[in-house]
Amino acid sequence: MKIALISMEIIPGRPDLNAAHMREKIKEAKAAGAELALFPALSLSGLFLGGVWKQEAFLRDLADYAEEIAAAVDGITVVFGNAAQTDSCTGVRRTLMKARDGALHEVAHTPLHGTGTNFSPLLYELPNENIILAADASPFPICFGARTLAETAREKHKSIFYVNMLGLQDKGKTVYAFPGRAHAFNEKGERVLISPAYTEGVSVIDTAQLPPAVTQHTEESIAPIHRMLRYAVQKFLARIHMKRVVIGISGGIDSAVAAALYVDAIGAENVLLVNMPSRFNSATTKGLAAQLADNLGCRHMIVPIEESVTHTVDQLTNVPIMGKCAAEGEHLTISSFVRENMQARDRSGRVLSAVAAAWGAGFTCNANKAESTVGYATLYGDQAGFLCALADLWKYQVYDLARYLNNSVYGREVIPQGIIDIVPSAELSDAQNVDEGKGDPIRYLYHDYLFRAFAENNETPEEILEYYAKNTLETQIGCEKGLVAAYFPTAADFIADLERWWGLYTGMAVAKRIQSPPLLSVSGRAYGSDHPESQIGAYETIRYRALKEKLLGK
């Protein structure tokens, strides 16, 4: 039997378009000599539809379009994923439908389980055949793994033919890419076919003459992340009908990686880079920003902000506060901290937004996950933008992506080595002078891994303090050995740092994350839909307090 595995982009919420696309793919499969065509789960609907799943009219249309496909099928068996109303608590079930010569039958089903992201594929064992069909609808990186497929094939002594959904879908602000890969495994669990990720196509395989086992080449862990980000950026921009982007560049690593990623995805001609120095920006970072723009071949501008920020400070401190509640001669006082935030807001709220509007573009947010975890960003400032492509990457992953872009994507140094080497710094005050080695308050070599323990492993200060007391913290969270002792000479120092960042993570940072731009889910634990949270603040457990007192000798 010749089976066609269909990698096809699914448009969420558009069964009309998906059904038309499926009919084209069925013709293509039949022309290639296939006797059976396998489509992904939820081929007609897509997965993330919000409240649409509660609409009876939409579910009725899914059934009608399934019947249309069955009526159009002639001389080939088609197996595809759909959804249907059910009396269970979920209200909707995922179905696997089999169509041939006008007849339509349901061959497998499972509950939809709301809008979760972690599903197992629908499996269908063909009667009188040593064949299992597997239709999936799982986003990156939560895809049904090759190891699981291989184990299932070995256990059941049957060949498995698998296909996943392709496309971009979202749950509000959290955006997911579906890689759309097709796999085939023989009865021994050896993989004999793997199709390219993020690519439409029809893979035809003859079950009577399976090809020899293929070995997927090893690659850097950042490589599939780059593929996903590149595809997601392209699809997201196409969805919102945006062709151009404006990126604020500082001479730092995050904006440099964002710039190189967008140029890779949409071309240098569609990217405008803007450097916005103040008196706190060094000649070093200004030079690196210019070098980056030149290496990428983009349009770029230099728009100094010192004059406008100074004008705003003078204006606000000289304008009197009026009203019955105001004291006589009352004026605002602008602290150095407030002035730091004013710089960030002037860059995004004034310069980038105006440049983007004038150039017919949107401007990006370049924040990383470490910053988002503790709210190290300015509301309506550097946290603003139409999309944050790097928001689910830890700082070490941003550096990995920078090196990968240079070495494997561009094949040359587009992100200057100086940007990779320089201390990360917002350069908002003299206390962040990069030429003096001064930078951000986050010690990324350690805090990246501490924050990851908070956000992705659901570990609390109680677990962290237990690891610290047992001298296993670095092993448990995955950071370099020796850092904890180097950074925190005493238990009091360690606990003060832990409580500072945990307080921010569960406090103000939550409010900031709620107001952040849409982001691309890379880890399956991105802030937003992957990571439900409430503004309830920090809590110290009984065991944490006892352990803290013991370590502090109280």
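Bear in mind that the values here come from a model prediction, so they are computed numbers and not experimental data.

1. Here we look at the overall build of the chain
Logical step 1: Assigned secondary structure in the chain consists of 18 helices and 18 strands.
Logical step 2: Once the C-alpha set of the chain is aligned to its principal axes, its extents read approximately 85 × 60 × 55 Å.
Logical step 3: Across the 554 residues that make up the chain, the buried fraction comes to 53%.
Logical step 4: The long-range fraction of contacts in the chain, counting pairs at least 24 apart against all pairs at least 6 apart in sequence, stands at 69%.
Logical step 5: Accessible surface for the chain amounts to roughly 24200 Å². Of this, 51% is attributable to carbon and sulfur atoms.
Logical step 6: In the chain, the 53 positive side-chain charges and the 63 negative ones have mean positions that sit 1 Å from each other.

2. Focus: helix α1 (residues 15-31)
Logical step 1: Counted at 1.5 Å a residue, the expected span for α1 with its 17 residues is 24 Å, and the 24 Å between its end C-alpha atoms agrees.
Logical step 2: Among the residues making up α1, those that are buried are Pro 15, Asn 18, Ala 19, His 21, Met 22, Lys 25, Ile 26 and Ala 29. Seen end-on, α1 carries its buried residues on one side only, within an arc spanning 165 degrees. In α1, those exposed residues whose orientation departs by more than 90 degrees from the buried face are Glu 24, Lys 27 and Ala 31.
Logical step 3: Packed against the buried residues of α1 are β1 (2-7), β2 (36-38), α2 (56-72), β3 (77-85) and β13 (201-206).
Logical step 4: Just downstream of α1, Gly 33 is the residue with a positive phi angle, here 90 degrees.

3. Some thoughts on the packing of aromatic side chains
Logical step 1: Throughout the structure, instances matching the rule amount to 16 aromatic pairs.
Logical step 2: Where Phe 454 meets Trp 502, the ring centres are 4.9 Å apart and the plane angle is 80 degrees; that geometry is what we call edge-to-face. Pair noted here: Phe 454 is in helix α12 (residues 444-455) and Trp 502 is in helix α16 (residues 491-506), with a separation of 48 residues, a long-range link.
Logical step 3: Judged by relative accessible area, Phe 454 falls into the buried class, the value being 1%.
Logical step 4: Note on Trp 502: relative accessible area 13%, which makes it buried.
Logical step 5: Directly above the aromatic system of Tyr 527 lies the positively charged group of Lys 369, at a separation of 5.5 Å from the ring centroid.
Logical step 6: It is Lys 395 that lies over the ring of Tyr 444; its NZ or CZ is 4.8 Å from the centre.

Calculation rules
Residues numbered from 1 in each chain as written. Predicted model: local features only at pLDDT ≥ 70, side-chain atom pairs only at ≥ 80, totals over all residues. Heavy atoms only, no water. Helix = DSSP H or I, 4+ residues; strand = E, 2+ residues; numbered from the N terminus. Buried < 20%, exposed > 50% of the residue type's maximum accessible area, 1.4 Å probe, protein only. Contact = heavy atoms within 4.5 Å. Areas by Shrake-Rupley, 256 points an atom, 1.4 Å probe, with all protein chains shown as cover. Lys, Arg positive; Asp, Glu negative; His and termini not counted. Charge placed at Lys NZ, Arg CZ, Asp CG, Glu CD. Expected span 1.5 Å × (residues − 1). Arc of directions from axis to C-beta. Phe/Tyr/Trp six-rings, centres within 6.5 Å; stacked < 30°, edge-to-face > 60°. Lys NZ or Arg CZ within 6 Å of the ring centre and 35° of its normal.

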